[in-house]
Amino acid sequence: DLTPGQLPLPTISCEYNLGDIFICPKMIIQRFNNQTVQQQLPVYVTHGICHLLGYVHDDKESHTKMFMKERDILEQFNSINGYHCIPLTTLQSNL
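Residues numbered from 1 in each chain as written. Predicted model: local features only at pLDDT ≥ 70, side-chain atom pairs only at ≥ 80, totals over all residues. Heavy atoms only, no water.

**A look at the pattern of salt bridges**
- Following the criterion strictly, the structure yields three salt bridges and no others.
- D72 is the partner of R71 in a salt bridge, and the nearest nitrogen-oxygen pair spans 3.5 Å.
- For D72, a relative accessible area of 33% corresponds to the partly exposed category.
- With its nearest N and O atoms 4.0 Å apart, the salt bridge here joins E75 to R71. With a gap of four residues between them, E75 and R71 both fall in helix α3 (residues 60-81), about one helical turn apart.
- Take E75: its relative accessible area is 47%, and that puts it in the partly exposed class.
- By relative accessible area, R71 is classed as partly exposed at 30%.
- Among the ionic contacts, a cluster of salt bridges with common partners joins R71, D72 and E75. (Salt bridge = Lys/Arg side-chain N within 4 Å of Asp/Glu carboxyl O. Buried < 20%, exposed > 50% of the residue type's maximum accessible area, 1.4 Å probe, protein only. Helix = DSSP H or I, 4+ residues; strand = E, 2+ residues; numbered from the N terminus.)

Following this line, the structure appears as structure tokens:
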């Protein structure tokens, strides 16, 4: 059993694949019609990576942990690239 953010130890070198992230540009365009796919793509990739690392947003506690991880990653990304991305988790929160 792994905790969120903890990576499994691979038994062979090719086991570093955590899974796949599927992103639908059409959905991004429909949901964020005032922003381009390029502006939202880092947000969706970050959200997907957090899920691959075991983060979820099923309850308030797990939502907070995932939001903080997304925020930390995107703050670093923003500082390097000059973007103003915010975590997707905040947009989806209905807890």
